[in-house]
Amino acid sequence: YPASVTKIMTAYVTLKAVKEGRLTLDTLLTVSPVAASQSPSKMGFRPGIQLTVDNALKMMMVKSANDMAVVLAEGVGGSVDSFSATMNATAAKLGMTQTSYVNPNGLPADGQVTSARDLAILARAFLRDLPEYEYFMHIPSIRYGRRVTQNFNRLIGRYPGADGFKTGFICASGYNLVASATRNGKRLIAVVLGASSGQARAVRAAQLLERGFGNNGLGW
């Protein structure tokens, strides 16, 4: 189960729509009752509140806000089901053969599955296809009112060269992390699924990246 690393695909589909001119980062979206009813982690905005695509993306990627993922899905696709269909079509196009999506946020659903290989393909596609929006993947923190929320990806700001992507956790999945880092012009993506804690997934990803940076014979 991907849990919140699902949101990398939600961001990819949304930013692809922005790049193709179907909406802009300043487009206003409205929080629906469906979005407001999502389980935490969430911003907790009441139905009817409006916010920009830009802010919804930042809240989704840093705070892993489940309500913001639905706001984006409805804003881009019209409904959660329609957006999920686009997520699946996009996954197929990218060659993600072991992935299927039911919702845009990764909340528990039996049909929502993925693999480490597919997540690496998705992360690579994001960097290749949307380089101008890559900054959404490594924002260290966001401020809302007086509250400052730190990114759940503990490698950001701590591991040298860390520059992406997203964490995920639900009980059924364990602790997941898709991480990227760049050193001396070499960029690597590491995927850890099913770790026992937030600390363990960060350490494991750092170990994978270290091994990759230390040796030139990397391949599938």
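Just so it is clear, the model here is predicted, and its values are computed rather than measured.

## Remarks on the pattern of salt bridges
Item 1. Enumeration over the complete set of coordinates arrives at 8 salt bridges.
Item 2. Linking Asp 54 and Lys 58 is a salt bridge whose minimum nitrogen-to-oxygen distance equals 2.8 Å. With Asp 54 and Lys 58 both in helix H3 (residues 53-62) and 4 residues apart, the pair spans about one turn of that helix.
Item 3. Asp 54 sits in the buried class, given a relative accessible area of 15%.
Item 4. Here Lys 58 falls in the partly exposed class, since its relative accessible area comes to 25%.

## Describing empty space enclosed by the protein
Item 1. With the rule as written, the count across this model stands at 2 cavities of 30 Å³ or more.
Item 2. In this model, the largest cavity occupies a volume close to 40 Å³.
Item 3. Around the largest cavity sit Met 43, Lys 63, Ile 142, Arg 143, Tyr 144, Arg 147 and Thr 149, which together line it.
Item 4. Looking at the lining of the largest cavity, the elements that each hand over two or more residues are strand S3 (141-144) and strand S4 (147-150).
Item 5. At 3 residues, the largest contribution of residues to the lining of the largest cavity is made by S3.
Item 6. Among the residues forming the lining of the largest cavity, the class breakdown is 3 nonpolar, 1 polar and 3 charged.
Item 7. Volume-wise, the second largest cavity comes out at about 30 Å³.
Item 8. Forming the boundary of the second largest cavity are Tyr 1, Pro 2, Ala 3, Gly 106, Leu 107, Pro 108, Ala 109, Gln 112 and Ile 170.
Item 9. The residue makeup of the lining of the second largest cavity, split by class, is 7 nonpolar, 2 polar and no charged.

## Quick notes on the layout of surface pockets
To find the voids left in a structure, one rolls a probe of water-molecule size over its atoms.
Item 1. In this structure, the second largest pocket encloses a volume near 270 Å³.
Item 2. Along its surface, the second largest pocket is lined by 20 residues, and Ser 4, Ser 64, Phe 152, Gly 168 and Phe 169 are the ones closest to its centre.
Item 3. Looking at the lining of the second largest pocket, the elements that each hand over two or more residues are strand S5 (162-170) and helix H7 (198-214).
Item 4. Among the elements that line the lining of the second largest pocket, the one with the most residues is S5, at 5 residues.
Item 5. Residues of the lining of the second largest pocket, tallied by class, amount to 7 nonpolar, 9 polar and 4 charged.

## Comments concerning the side chain of Lys 7
Item 1. Relative to the helices and strands, Lys 7 resides in helix H1 (residues 6-19).
Item 2. We note that Lys 7 is buried and unpaired, the nearest opposite charge coming from Asp 67 at a distance of 8.0 Å.
Item 3. A polar contact of 2.8 Å, which involves the side chain of Lys 7, links it to the side chain of Ser 4.
Item 4. Residues contacting Lys 7, with those up to four places away along its chain left out, are Met 60, Met 61, Ser 64, Ala 65, Asn 66, Ala 69, Pro 104, Asn 105 and Lys 166.

## Overview of the pairing of S3
It is a general feature of regular strands that their side chains alternate between the two faces of the sheet.
Item 1. Of the strand pairs in this sheet, S3 and S4 are connected by 4 bridges, and their pairing is antiparallel. By the bridge assignment for S4, Arg 143 is matched with Val 148.
Item 2. Once S3 ends, the chain turns through 2 residues before running back antiparallel as S4, passing Gly 145 with a positive phi of about 65°.

## Concerning the packing of H1 against H3
Item 1. Remark: H1 packs on H3, axes separated minimally by 11 Å, with the N-to-C direction vectors making an angle of 165°. Comparing their axes, H3 and H1 come out roughly antiparallel. At the point where H1 passes H3, the crossing takes the left-handed sense. In contact with Lys 7, Thr 10, Ala 11, Thr 14, Leu 15 and Val 18 of H1, H3 contributes Val 53, Leu 57, Met 60 and Met 61.
Item 2. The residue inventory of the contact of H1 with H3, partitioned by class, reads 7 nonpolar, 2 polar and 1 charged.

Procedures and definitions
- Residues numbered from 1 in each chain as written.
- Predicted model: local features only at pLDDT ≥ 70, side-chain atom pairs only at ≥ 80, totals over all residues.
- Heavy atoms only, no water.
- Salt bridge = Lys/Arg side-chain N within 4 Å of Asp/Glu carboxyl O.
- Helix = DSSP H or I, 4+ residues; strand = E, 2+ residues; numbered from the N terminus.
- Buried < 20%, exposed > 50% of the residue type's maximum accessible area, 1.4 Å probe, protein only.
- 1 Å grid on protein atoms, 1.4 Å probe; cavity = no way out; pocket = protein on both sides within 12 Å on 5 of 7 lines; lining within 4 Å.
- Points joined across faces, edges and corners; volume = space filled by probe spheres on them.
- Nonpolar A, V, L, I, M, F, W, Y, C, P; charged D, E, K, R; others polar.
- Lys, Arg positive; Asp, Glu negative; His and termini not counted.
- Polar contact = N/O pair within 3.5 Å; in protein donor to acceptor, adjacent residues only side chain to side chain.
- Contact = heavy atoms within 4.5 Å.
- Pairing = 2+ DSSP bridges.
- Axes fitted to C-alpha atoms, helices over the stretch in contact; angles between N-to-C directions.
- Parallel < 35°, antiparallel > 145°, perpendicular 65-115°, else oblique.
- Left-handed = near helix turned anticlockwise from the far one by under 90°.

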